[in-house]
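Notes for the structure review
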Amino acid sequence: QVQLVESGGGLVQPGGSLTLSCAASGFTFSETYMSWYRQAPGEERELVATISDTGASTTYTNSVKGRFTISRDNARNTVGLQMNSLKPEDTAVYFCVAGWSDILETALNAWGQGTLVTVSS
């Protein structure tokens, strides 16, 4: 079965940096678009970033552009999210999501368990 396991969350001060990682298994990772979503306390879930199957294309929500970088390593079946210049409003549970599969021609919509990022002084 599809499995996504996030790690790297924690407490960081405003202006600091944090790197999230997602280990994927149970599907053809190299043919699948991957995303990071987040859900802040009392808020709806939000798409943060998406990366194409090869890693050639990335998209970001406006609030994180220039601060966050999504990446992937298809040899290791991992996707990362480098977060810099963190702000309190970045506080949320961050989820790794497997999306569109080129090989299956369908969206997997598989979610990890989430990792909590808290930005606070």
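Summary of the structure given here. Bear in mind that the values here come from a model prediction, so they are computed numbers and not experimental data.

The rules behind these values
- Residues numbered from 1 in each chain as written.
- Predicted model: local features only at pLDDT ≥ 70, side-chain atom pairs only at ≥ 80, totals over all residues.
- Heavy atoms only, no water.
- Pairing = 2+ DSSP bridges.
- Helix = DSSP H or I, 4+ residues; strand = E, 2+ residues; numbered from the N terminus.
- Axes fitted to C-alpha atoms, helices over the stretch in contact; angles between N-to-C directions.
- Buried < 20%, exposed > 50% of the residue type's maximum accessible area, 1.4 Å probe, protein only.
- Core = buried A, V, L, I, M, F, W, Y, C linked by side-chain atoms within 4.5 Å.
- Contact = heavy atoms within 4.5 Å.
- Salt bridge = Lys/Arg side-chain N within 4 Å of Asp/Glu carboxyl O.

What about the sheet that holds strand 7 (residues 68-73)?
Sheet architecture is open: four strands sit in the order 1-3-8-7, paired in antiparallel fashion. A single partner strand is all that each edge strand has here, and the edge strands are strand 1 (3-7) and strand 7. On average, each strand axis in the sheet is inclined to that of its neighbour by 15°, with strand direction left out of account. As paired elements, strand 3 (residues 18-25) and strand 8 (residues 78-83) share six bridges and run antiparallel to each other.

Points about unusual backbone geometry
Across residues other than glycine, the phi torsion is negative in most instances, and most of the peptide bonds are trans. Although it is not a glycine, Glu105 adopts a positive phi angle of roughly 55°. Within the secondary structure, Glu105 is located in the loop between strand 9 (92-101) and strand 10 (106-111). Classification of Glu105 by relative accessible area gives exposed; the value is 64%. Residue Asn109 is not a glycine yet carries a positive backbone phi of 50°. Its place among the elements puts Asn109 in strand 10.

Focus: the nonpolar core
One broad rule of soluble globular proteins: the nonpolar side chains tend to lie buried together. In this structure, Leu4, Met34, Trp36, Val79, Leu81, Met83 and Tyr94 are the most contacted members of the largest nonpolar core, which totals 27 residues. Only strand 3, strand 4 (32-39), strand 5 (45-51), strand 7, strand 8, strand 9 and strand 11 (115-119) provide two or more residues apiece to this core. Here Leu4 is in contact with Cys22, Ala23, Ala24, Phe27, Met34, Cys96, Val97, Ala98, Ala110, Trp111, Gly112 and Gln113, once residues within four sequence places are set aside.

Points about the pattern of salt bridges
Counted according to the given criterion, the structure contains three salt bridges. For the salt bridge of Arg38 with Asp90, the shortest nitrogen-to-oxygen distance reads 3.0 Å. Residue Arg38 is located in strand 4, and its partner Asp90 is located in the loop between strand 8 and strand 9; the two are separated by 52 residues in the primary sequence. The same class applies to Arg38 as to Asp90, namely buried.

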